[in-house]
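Chains, contacts and geometry: an overview
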Amino acid sequence: MELIKRITRGNTRAIARGISVIENNSDTKEELIDGLYPFTGKAQIIGITGSPGAGKSTIVDRIIQFERNNNKKIAVIAVDPSSPFSGGAILGDRLRMQTHATDPGVFIRSMASRGYLGGISAATSGAIKVFDAAGFDTIIIETIGVGQTEVEVIELADLIILTLVPGMGDEIQAMKAGIMEIADLFLVNKSDIDGADRLKSEIEYMLMLGPENDKAHTPQIKLVSAKNNSGTEELYNTMFKQLTLFKESGLLDKRRKERIKMEIEHIFIDKLKDILNTRLNLKENMGIWIEKVYNREIRPYNFVNKKMENLKKENLL
Amino acid sequence: MNKKIRIVIAKPGLDGHDRGAKYIARALKDAGYEVIYTGIRQTPESIVATAIQEDVDFVGLSLLSGAHNELFPRVVDLLNSQNAGDIVVFGGGVIPEEDLAFLKERGIEAIFRPGAPISEVISFIESKTGSTAA
Ligand code: B12
Ligand SMILES: Nc1nc2c(ncn2[C@@H]2O[C@H](COP(=O)(O)OP(=O)(O)OP(=O)(O)O)[C@@H](O)[C@H]2O)c(=O)[nH]1
Ligand SMILES: [Mg+2]
């Protein structure tokens, strides 16, 4: 596949096309990802998440600058939500990063969630592989503005940054169970406005109450004003210090293997769904089944078990 | 296959009038397109780099300042020189009637002026892609 070769040489148009192939679920998608796979595994992948408007894109813009000062090549995947009504989207994250638009060491790609839940898009993991194989040192994923439970970025990134802003103290309480648990680095942004210190103490308190963690796992908290560019350099250094710690402690490998497990499971489940769809002709039959279950003519488990038995008998499973 | 039409909406030059561009961006989103909005004060170079990285099908330029005869063709030329001449360029804003022929000749395939209904913009995009957004 010519495209694979061009991507591994870092050709901009090829990288852009490769991501589209994955995003559009084209016929060549599997061949592309498998072809790129041997070239992946080198990039450091950082996920940045947090509520809408917390300042994620502004922070990414700052991180890009520090990476460029160190002569690193950096790619950004910025996900914004698709409209559930029209299927369209306004992808506005890169607006805050446009000063880097013409820098050949920076590649920014916007992605619409296209109905995928969890704060990312179905194609995000594939896009990471394209950038990784193309030789980018660092890949940043900016999730959509998330609530409590959209934590799927953890299945993609080596390090998770959660962006919080003053004035959401009550939300912290609510968040405890979900998104707060996945953060390696708590970033209190907008420290130029009131309440940032209080928020920091609240997070500290919350972490104290949490389960005992090993050293590599101890989450960091950083006060930052992305707008005024204060605290950003320390944030940047902390990120990479943490990544080094993860590498040394074996946590990074553990996470990456966990991710491969999830990926393999996802692929199996997708393929099995395809098989079920065609073998059982779900498209046509589902309506009929719904009616029957609705009218209590059949019971869900009993019905599905019978269908599965039939498939097995016919050696279709 | 699940191809979506992707469009960059961009404002080249120093013009700060962004209502029209934002309005068009939102309307195209509502019509089912994926719109990358880059904000004001973009150079033709940054618009072209964005279009290529984002692998878009269209670049829509908006200008109310009067610099369209210089900046719009520059975007077309840069796309061509970077092997991205397949990307369709169109535009809108305060653009006098007498400039339309020149812009067309320089590769801006359609211009929509104040009061142009969004349905016309959508028809244009559909005529170029041969399909609807959804
Ligand atoms: C509102 C306005 C402002 C606001 C802008 C607010 C903002 N954030 O946008 C303010 C007060 C800030 C402003 C300032 C100025 N303005 Co003013 N402003 C206008 C005004 C009255 C309306 C523009 C507008 O918002 N229209 C509503 C939107 C929805 O319409 P639109 O942008 O035209 O978009 C439509 C179409 O053009 C088209 N379209 C536009 N873009 C695109 C893109 C694509 C891809 C497509 C498909 C379609 C499309 O579709 C839209 C919907 O139909 C116009 C006069 C006029 N009637 O146009 C003057 C006007 C544009 N301004 C003008 C001037 C001179 C200025 C100033 C230089 C004044 C000064 N001396 O300070 C400053 C410059 C500001 C700057 N930084 O650039 C002149 C420009 C003259 C020229 N072209 O030669 C105009 C034409 C007034 C005039 N008759 O003199 N302005
Ligand atoms: N006061 C203040 N404002 C900030 C700071 N960082 C970002 N902002 C502003 O917050 C707003 C949102 O910033 P973004 O970077 O777009 O936030 P985001 O989290 O990427 O937003 P979404 O992607 O839409 O969820 C913008 O108006 C920024 O200028 C900061 O440190 N202080
Ligand atoms: Mg953002």
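Residues numbered from 1 in each chain as written. Chains lettered and ligands numbered in written order. Predicted model: local features only at pLDDT ≥ 70, side-chain atom pairs only at ≥ 80, totals over all residues. Heavy atoms only, no water.

Turning our eyes to something else, we now look at the coordination of the magnesium ion (ligand 3). Expected angles at a metal are 109.5 degrees for tetrahedral coordination by four donors and either 90 or 180 degrees for octahedral coordination by six donors. All names here are of chain A. Around the magnesium ion (ligand 3), the protein contributes the donor atoms Ser57 (OG), Asp93 (OD) and Glu142 (OE), which lie 2.0 to 2.2 Å from the metal centre. Spacing between the donor residues of the magnesium ion (ligand 3) along the chain follows S-x35-D-x48-E. Residue Asp93 is found in the loop between strand E3 (89-91) and strand E4 (106-112), and its partner Glu142 is found in strand E5 (residues 138-142); the two are separated by 49 residues along the sequence. Judged by relative accessible area, Asp93 falls into the buried class, the value being 9%. Relative accessible area serves as the criterion here: at 2%, Glu142 is assigned to the buried category. (Donors = N, O, S within 2.8 Å, 3.2 Å for Na, K, Ca; no water. Helix = DSSP H or I, 4+ residues; strand = E, 2+ residues; numbered from the N terminus. Buried < 20%, exposed > 50% of the residue type's maximum accessible area, 1.4 Å probe, protein only.)

A word on the interface of chain B and chain A. Contact residues are listed per partner, giving 30 residues for chain B and 29 residues for chain A. Each partner contributes to the roughly 2500 Å² buried at the junction of chain B and chain A, and carbon and sulfur atoms together form 48% of this total. Applying the counting criterion to the chain B and chain A interface returns 7 salt bridges. The shortest N-O distance in the salt bridge between A:Arg17 and B:Asp55 comes to 3.0 Å. Inspection of the region where chain B meets chain A yields 22 residue pairs in polar contact (both at pLDDT 80 or more). When residues of the side of chain B that touches chain A are traced back to their parent elements, those giving at least two are helix H1 (19-30), strand E2 (34-37) and helix H2 (44-53) of chain B. Element by element, the count of residues in the side of chain B that touches chain A is highest for H2(B), at 6 residues. Looking at the side of chain B that touches chain A residue by residue, the classes come out as 10 nonpolar, 9 polar and 11 charged. Bridge analysis of E3(A) against E2(B) gives 3 bridges, and the strand direction is parallel. Its bridge partner lying in E2(B), A:Ile90 is registered against B:Val35. (Contact = heavy atoms within 4.5 Å. Buried area = accessible area lost by both parts, 1.4 Å probe. Salt bridge = Lys/Arg side-chain N within 4 Å of Asp/Glu carboxyl O. Polar contact = N/O pair within 3.5 Å; in protein donor to acceptor, adjacent residues only side chain to side chain. Nonpolar A, V, L, I, M, F, W, Y, C, P; charged D, E, K, R; others polar. Pairing = 2+ DSSP bridges.)

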